[in-house]
Amino acid sequence: MKQMENAKEFKIPPSIKKNAEKGLKLREKFGKGSTQVGIRRGHQLVNNDSISLEIIKKMSAYFARHEVDKQAKEFGNDENPSKGYIAWMLWGGDEAKEWTDKIKKEHSK
């Protein structure tokens, strides 16, 4: 049953796609922020209409680990962004955190 549940796909909200696209542009412009995994996640969010529950759980875990990045001085500054801000946006930003946490909670019962 759990394997079948993980096969379920969830439509990626437009706000998350937009955030990931912004993250990709910031990464290209400033040449910093995120790992190859984060860059792939950004492309995945921009280029696909849906993602699996397994990916949603990974995204939720990323946000839980990197919440501390929001304390950086330049977090949220589009003119001089912190590495953490660029990475956060690549993963879909605040909207993705809320969305993935909600879905993860609903499917962990």
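Up top you'll find the structure we're talking about.
This one's a predicted model, so the numbers in the text were calculated from it and none came from an experiment. (Residues numbered from 1 in each chain as written. Predicted model: local features only at pLDDT ≥ 70, side-chain atom pairs only at ≥ 80, totals over all residues. Heavy atoms only, no water.)

Undergrad: How should I be thinking about the pattern of salt bridges in this particular structure?
TA: When charged atoms on two side chains of opposite charge get close, those side chains can pair. Under the definition given, this model contains seven salt bridges. As a salt-bridge pair, lysine 97 and aspartate 101 come within 2.6 Å of each other at their nearest N and O atoms. You can see lysine 97 and its partner aspartate 101 sitting in helix α6 (residues 93-106), four residues apart, about one turn around the helix. With relative accessibility at 25%, the residue aspartate 101 sits in the partly exposed group. For glutamate 106, the salt bridge goes to lysine 102, with nearest N and O atoms at 4.0 Å. Residue glutamate 106 and its partner lysine 102 are located together in helix α6, separated by four residues, close to a single helical turn. (Salt bridge = Lys/Arg side-chain N within 4 Å of Asp/Glu carboxyl O. Helix = DSSP H or I, 4+ residues; strand = E, 2+ residues; numbered from the N terminus. Buried < 20%, exposed > 50% of the residue type's maximum accessible area, 1.4 Å probe, protein only.)

Undergrad: Sorry if this is basic, but what is going on with unusual backbone geometry here?
TA: Unusually for a residue other than glycine, serine 34 sits at a positive phi of about 80°. Relative to the helices and strands, serine 34 resides in the loop between α2 (14-30) and α3 (36-47). For serine 34, a relative accessible area of 26% corresponds to the partly exposed category.

Undergrad: Would you take a moment to explain the side chain of arginine 41 for this structure?
TA: Mapped onto the elements, arginine 41 comes out in helix α3. Glutamate 54 provides the closest opposite charge to the buried, unpaired arginine 41, separated from it by 8.4 Å. (Lys, Arg positive; Asp, Glu negative; His and termini not counted.)

Undergrad: Mind showing me how you'd approach the packing of aromatic side chains here?
TA: Centre-to-centre distance and the angle between the planes together describe a pair of aromatic rings. Throughout the structure, instances matching the rule amount to six aromatic pairs. Each ring, one from phenylalanine 63 and one from tryptophan 88, has its centre 4.7 Å from the other, and the planes form 70°; the classification is edge-to-face. Of the two residues, phenylalanine 63 sits in helix α4 (residues 53-66) while tryptophan 88 sits in helix α5 (residues 83-90), which places them 25 residues apart along the sequence. Looking at phenylalanine 63, the relative accessible area reads 0%, which means it is buried. Chaining the aromatic ring pairs together yields one cluster made of Tyr62, Phe63, Phe75, Tyr85, Trp88 and Trp91. (Phe/Tyr/Trp six-rings, centres within 6.5 Å; stacked < 30°, edge-to-face > 60°.)

Undergrad: I tried to follow the packing of α2 against α5 on my own but got confused; where do I start?
TA: Helix-helix packing is described using two parameters, namely the angle between the two axes and the distance between the axes. At a minimum axis distance of 7 Å, the contact between α2 and α5 shows a crossing angle of 140°. For the crossing formed where α2 meets α5, the hand is left-handed. Residues Asn19, Ala20, Lys22, Gly23, Leu24, Leu26, Arg27 and Phe30 of α2 pack against Tyr85, Ile86, Met89 and Leu90 of α5. By residue class, the composition of the contact of α2 with α5 is eight nonpolar, two polar and two charged. (Axes fitted to C-alpha atoms, helices over the stretch in contact; angles between N-to-C directions. Left-handed = near helix turned anticlockwise from the far one by under 90°. Contact = heavy atoms within 4.5 Å. Nonpolar A, V, L, I, M, F, W, Y, C, P; charged D, E, K, R; others polar.)

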